[in-house]
Amino acid sequence: MAPPLLALRGVCKRYGAVRALVDVDLEIRAGEVVALVGENAAGKSTLVKVISGVDAADRGMIAWQGRTVRIGRPYDAQTLGIATVYQDLSLCENLDGVGNVFLGREIHRLGILDEVEMERRTLELMDTLGLGTPDVRAPVASLSGVQRQTVAISRSLLGEPRLLLLDEPTASLGLDQIARLFDVIEHLRDGGLGVLLISHNMGDIKAIADQVAVLRLGRNNGVFDVNTTSQEQITSAVIGASDNAMAHRTTM
Amino acid sequence: MAVSGPGTPGTVRSTGPPAGGPVPAGARRIKAYADVVWRRLRPGERSALPVVLGLVVVWAVFQSQNGNFLSPRNLSNISVDLVSTGMIAAGLIFVLVIGEIDLSVGSLSGLAGAVYAALNVSHGVPEWLAVLLALASGAAAGALQGFFVARARVPSYAITLAGLLAWNGLMLYLLSPTGTIDINDNGFVASLTDHYFSDVWVAYGLATLGTAGYVLTAHLRVRRRKAAGVPHQPLTEIWVRAALLAGLAFTAAWMLNRFQGVPLALLIFLIVVAGLDYVLRRTSYGRMVIALGGKGEGARRAGIDVLRVRVSVFMMSGTLAAVGGLFMTSRLVSASQATGSDGQVLINAVAAAVLGGTSLFGGRGTIWSALFGVLVIESIASGMALLGAGQPLQFVITGGVLFVAVVIDSLLHHPPARNRA
């Protein structure tokens, strides 16, 4: 069997005296959607930041397709093919939609930014995404929550990533748009993309995820197969009411 | 009543009072036109609008006090005087756009002049090498400051405040044997500000070239956008802009020709401004600089090498401060201990940048609007000199202009209503 797209082993991350992540393991395979769940402050967003290179891990090993890699800054993650939609979106407020989508990956023509081509591709990307198309030439600061989310998601899908990290991507979307986003995610998954999805909504997770990884107080608290596990079992792992029998069975 | 104007129907946002209000139709019509113009302006142009109006006011006031103010000779002199401050302001804008400040630019400009004069005149170093070393001193000093701001995250005002004094000290030391070094008045640096292209066709040729260049690139852009199926400017807008540009360029050319023609210094400045404007708006590097000025982590999370961009921006500001220093030295035909050490140069450069619509809060700024900013600043300086105002009044006025500029910037950035909790 091919090695997982991404594997974390014993990842630790501290912020001062706070141990945000303790010996966390995680595997994401190509063509698989892994939901990451946990209570507030369980370390979900920290884990995303570790994988995306925003805050490098203090200890632990990260393997990309079986090969040990170091992700020390966002650039490293991007080079591997990891794209991220952050919870706060992390857009540049003063740039327009096109500028944000292509930031750091601009298209040039004779050494000059090719605004026309970038605008065309942005519109095309947003069109296939189908979440609605905001004014791509207005500063992002002037856009609504949904529109900003659209920009952030479009940005993450540019350049065909291998692994997509989505930190609460549905937060400001309406039901129709969530359904539409899930269609897109499923389509990408079927194309061999790996997805890590953070969500609070158990319904969403049941609808889209293949595996559910639970974090509790910065530690692993089980990995479950969505199709064979009841919602109650997952919830009790999230709040710490269950023992870890299931986890022992499926993590290996 | 429907708002009428030359815009696209249906997209005109009615900002006037509700229909039936006690506003005469004529006033409403003017407002409608103003509204259309406003919507057609790019954000950078909008923030430059106050300074253009300010320039008109300043010119009108001084002309009414002294009929020589708008004479070809005086305007031509202003156009040469503004180059040194303008160069410094152009570099400073890069630093302001990333949300930092460089308080050392005045001292650095003085230092560059001293390095050039000391090497060339006192030590017999060839002029081209002395110029290069002067520019290198600015670049190195800027890079040093930038490194500490970017790496150690020392606030830039603190680092460059230290720089302000230290570079000033270095300049005083270099000039200490005599206090002032007269430069070779037949040399390259001296010719920077005393050479004019007196052939009238140079001025008109440049005006034609500028206008034609604009029309051509604008049309090519529209054609490409049409072909790609993305929205484009209406052609009328291009022609209106071209007409305005031509009007401005040919008036300036005509005015300059009535004195001694196009000053070399002004030509170099315009080329540098156009080049830097291009860098900031049309290259990946410029995009990174602007992204860095956005609040938050967006730029870093987009994979941008934040450290390198920060350092490079301070290097840019140091280098352009040195360029400005050489023009200052050229204008004075000497490097003197007084140059750049009284804070006037720094304040003028900051005021020019902020007047031109560059925000002290970062993320917003255009290079070419500094042209208007510096024009206002130098017009005020020239007008007050013409009226014989003493230094006390000049200081108060310059300080007052900076004060007003930063207050306007603040209000635009944080509208007072939002500040109320």
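Definitions and limits used
Residues numbered from 1 in each chain as written. Chains lettered and ligands numbered in written order. Predicted model: local features only at pLDDT ≥ 70, side-chain atom pairs only at ≥ 80, totals over all residues. Heavy atoms only, no water. Helix = DSSP H or I, 4+ residues; strand = E, 2+ residues; numbered from the N terminus. Rg over C-alpha atoms; globule rule 2.2 N^0.38 Å. Buried < 20%, exposed > 50% of the residue type's maximum accessible area, 1.4 Å probe, protein only. Patch = residues over 30% accessible without salt bridge, like charges linked within 9 Å, V, L, I, M, F, W, Y side chains within 5 Å. Areas by Shrake-Rupley, 256 points an atom, 1.4 Å probe, with all protein chains shown as cover. Salt bridge = Lys/Arg side-chain N within 4 Å of Asp/Glu carboxyl O. Lys, Arg positive; Asp, Glu negative; His and termini not counted. Charge placed at Lys NZ, Arg CZ, Asp CG, Glu CD. Phe/Tyr/Trp six-rings, centres within 6.5 Å; stacked < 30°, edge-to-face > 60°. Lys NZ or Arg CZ within 6 Å of the ring centre and 35° of its normal. pLDDT = per-residue confidence, 0-100. Contact = heavy atoms within 4.5 Å. Axes fitted to C-alpha atoms, helices over the stretch in contact; angles between N-to-C directions. Parallel < 35°, antiparallel > 145°, perpendicular 65-115°, else oblique. Left-handed = near helix turned anticlockwise from the far one by under 90°. Nonpolar A, V, L, I, M, F, W, Y, C, P; charged D, E, K, R; others polar.

Helix and strand content of chain B: 17 helices and four strands. Taking 421 residues into account, the globule formula puts the C-alpha radius of gyration at 22 Å, and chain B, at 23 Å, falls close to it. If one aligns the C-alpha atoms of chain B with their principal axes, the spans along those axes are about 75 × 55 × 50 Å. For chain B, with 421 residues in total, the buried portion stands at 48%.

This next bit is on a positive patch on the surface. On the surface, A:Arg14, A:Arg19, A:Arg59 and A:Arg219 cluster together into a positively charged patch. Note on placement: A:Arg219 falls in strand E12 (residues 219–225).

This part is about the packing of aromatic side chains. Here the structure, examined in full by the defined rule, presents six aromatic pairs over all chains. Both rings, one in B:Phe147 and one in B:Phe148, keep their centres 5.7 Å apart while their planes meet at 85 degrees; by these two values the pair is edge-to-face. Given a relative accessible area of 40%, B:Phe147 falls into the partly exposed group. Their ring planes at 20 degrees and their centres at 6.3 Å tell us that B:Tyr204 and B:Phe250 sit as a pair that is stacked. Linking B:Tyr204 in helix H8 (residues 200–228) with B:Phe250 in helix H9 (residues 235–257), this pair joins segments that are 46 residues apart in sequence. Residue classification places B:Tyr204 among the partly exposed positions, given a relative accessible area of 22%. The class for B:Phe250 is partly exposed, based on a relative accessible area of 31%. One residue, B:Arg301, lies across the ring of A:Tyr86, its end atom 4.4 Å from the ring centre.

Right, let's talk about the environment of B:Asp342 for a bit. Considering the arrangement of structural elements, one finds B:Asp342 in the loop between strand E4 (334–336) and helix H14 (344–355). We classify B:Asp342 as partly exposed; its relative accessible area is 46%.

All names here are of chain B. On average, residues of chain B score 88 in pLDDT, and 92% of them are at 70 or above. No element of chain B has a lower mean pLDDT than helix H17 (residues 416–419), at 49, and none a higher one than helix H5 (residues 127–151), at 97. Predicted confidence for residues 1–21 stays below pLDDT 50, and this span has 23 contacts to residues more than four positions away or in other chains.

Here we come to helix H11 (residues 284–293) of chain B. With eight of 10 residues buried, H11(B) is to be regarded as a mostly interior element. Those residues of H11(B) not exposed but buried are B:Ser284, B:Gly286, B:Arg287, B:Val289, B:Ile290, B:Ala291, B:Leu292 and B:Gly293.

This brings us to the pattern of salt bridges. Counted by the stated rule, this structure contains 26 salt bridges over all chains. Note that A:Arg9 is salt-bridged to A:Glu27, the shortest N-O span being 2.7 Å. Taken together, the residues span a long stretch of sequence, with A:Arg9 in strand E1 (residues 6–15) and A:Glu27 in strand E2 (residues 18–28) at a distance of 18 residues. Look at A:Arg9 and you get partly exposed, because its relative accessible area is 37%. Accessibility expressed as a relative area gives 29% for A:Glu27, which makes it partly exposed. Among the salt bridges present, the one from A:Arg137 reaches A:Glu115, with a minimum N-O distance of 3.0 Å. On the criterion of sequence distance, the pair formed by A:Arg137 in the loop between helix H4 (115–129) and helix H5 (145–157) and A:Glu115 in helix H4 is long-range, its members being 22 residues apart. By relative accessible area, A:Glu115 is classed as buried at 12%. A network of salt bridges, in which partner residues are shared, links A:Asp96, A:Glu115, A:Glu119, A:Arg137, B:Arg225 and B:Arg287.

Residue and element names in this part refer to chain B. With their axes 11 Å apart at the nearest point, helix H15 (residues 368–386) and helix H16 (residues 391–413) run at an angle of 160 degrees to one another. Looking at the two axes, H15 sits roughly antiparallel to H16. Classified by chirality, the crossing of H16 by H15 is right-handed. Listed contacts from H16 to Ile377, Ile380, Met384 and Ala385 of H15 are Leu393, Gln394, Ile397 and Val401. For the contact of H15 with H16, the per-class residue count stands at seven nonpolar, one polar and no charged.

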